[in-house]
Every structure is written in structure tokens, then in C-alpha cells.
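Results of the structural survey
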Amino acid sequence: MANNLTISKMTLQDLYSIQNILGSDFDDFWTFSIFETELKNENSTFLIAKINQEIVGFVGIWQVLDVIHITNIVTKKSKRNLGIASSLLESAINLSIKKRASSITLEVNSNNLPAIHLYKKFNFDELGIRKKYYNGCDDAIIMTRFFNT
Ligand SMILES: CC(C)(COP(=O)(O)OP(=O)(O)OC[C@H]1O[C@@H](n2cnc3c(N)ncnc32)[C@H](O)[C@@H]1OP(=O)(O)O)[C@@H](O)C(=O)NCCC(=O)NCCS
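To start, this report covers the structure provided alongside it. (Residues numbered from 1 in each chain as written. Predicted model: local features only at pLDDT ≥ 70, side-chain atom pairs only at ≥ 80, totals over all residues. Heavy atoms only, no water.)

Description of the site of the ligand
Neighbouring the ligand are 19 residues, the closest being Thr75, Asn81, Gly83, Ser86 and Asn112. In the environment of the ligand, an oxygen atom lies 2.8 Å from a nitrogen or oxygen atom belonging to the side chain of threonine 75. One nitrogen or oxygen atom from the side chain of histidine 117 is found 3.1 Å from an oxygen atom belonging to the ligand. In isolation the ligand exposes 940 Å². Once the protein is present, 71% of that is buried. (Near = heavy atom within 4 Å. Polar contact = N/O pair within 3.5 Å; in protein donor to acceptor, adjacent residues only side chain to side chain. Areas by Shrake-Rupley, 256 points an atom, 1.4 Å probe, with all protein chains shown as cover.)

Spelled out as C-alpha cells, the structure:
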């Protein structure tokens, strides 16, 4: 587990500070403008992980009624396998429970073994498959954890 890891809500200032390294150092899944729009959306919350002052990962969630959707979870490439995504996911789960959600759900590429391992570790179950969901090619697995409400 990474030392000095803190989790907090992402601000626009946090996002601007990683604007130029989002694709290269994190993941090119979303463009900066999508992040900016998401951060301004009141149904959306982003949590960031920091080691000292360095942003090393983030997770985004959306709340729709009593269901929480994980929109994105990424660890900085140079900091993977240190438990950062595990800490972020644990915080997202705790926040979901606080928001009285009945479940937390997401879609993951069936080839993304690190992410699938992470979700299984936190007791997400595979609920279904969306065939050829990514680029008309890779399948998406729908993974969900239900809470006892
Ligand atoms: C998926 C991702 C978020 C994991 O982040 P991370 O900070 O490295 O995860 P952690 O260090 O908390 O590891 C979580 C678990 O996954 C395991 N894991 C990590 N990399 C793995 C790999 N390549 N293969 C199998 N398991 C792996 C770890 O061993 C750990 O399990 P353990 O605690 O039982 O040992 C990271 O790889 C990433 O940012 N990927 C690109 C973005 C992405 O695909 N996001 C998911 C979108 S659905």
C-alpha cells in the first residue's frame, strides 16, 4: 500500500493541474473536455488519490436514483499495483453507502484483467455481457455490487 495516500473530492483546479498529462500519464479513455463537463455535472462526483501533492489516480461516479455508476477509475501509469485503485474504489463504495445507494455498477472490457480482478476483490458480481460494446469489437462485462439497504 502506498504511503501518505489521501483521498479527496476533485476540484476543477485539480483537473486543470493534470490537464496536459491526462492521456500520457493516466489513460486516454476520456478527453479533457469530457472531464470538465463531468466535473460540472451535479450528479457526478470525482474522488482523487494524492501522494503528498501529486495526483496519482481518480474515480468518477454518477448517481441515478439509488444506483451509483462508476464512470471511470484510473491510476497513474507509474503508480500502478500499489493499491491506489483499491483505496479509491473503497472510498467510492463508502460514499455510495452514505448516499443510500442500493447498488454500485460499471462496465468493463472483458480483456481488462487488472480491472476485473480489482472489482472481484471488492465483491462485484458479473451480471451480464454487452456483446461487442467497445469499438464494435470487445465485449463489456456488467459488474455490480448490491448493498443491504
Ligand atoms: C485497473 C487499474 C485502475 C488498477 O489500478 P491499480 O492502482 O494498479 O490497482 P491496485 O494496485 O489497487 O490493484 C488492485 C488489484 O488488481 C491486481 N492487479 C493489478 N494489476 C493486475 C494485472 N495486470 N493482472 C491481474 N491483476 C492485477 C492487484 O494485484 C490487486 O489485487 P490484490 O490486492 O489481490 O493483489 C489500473 O490498471 C488502470 O488505471 N488501468 C487503466 C484504466 C482502466 O482500465 N480502468 C478501468 C476501467 S473499467
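Some thoughts on the pairing of strand β6 (residues 125-134)
Pairing analysis gives 6 bridges linking β6 to strand β7 (residues 138-146), with the strands arranged antiparallel. Counted as the bridge partner of aspartate 125 is threonine 144 from β7. The loop that links β6 with its antiparallel partner β7 comprises 3 residues; one of these, asparagine 135, has a positive phi angle of about 55°. (Pairing = 2+ DSSP bridges. Helix = DSSP H or I, 4+ residues; strand = E, 2+ residues; numbered from the N terminus.)

Describing unusual backbone geometry
The bulk of non-glycine residues show a negative phi, and the bulk of peptide bonds are trans. Unlike most non-glycine residues, asparagine 81 shows phi in positive territory, near 70°. Asparagine 81 gets classed as exposed once you look at its relative accessible area, which sits at 83%. Here asparagine 135, not a glycine, exhibits a phi torsion of approximately 55°, which is positive. Topologically, asparagine 135 is positioned in the loop between β6 and β7. (Buried < 20%, exposed > 50% of the residue type's maximum accessible area, 1.4 Å probe, protein only.)

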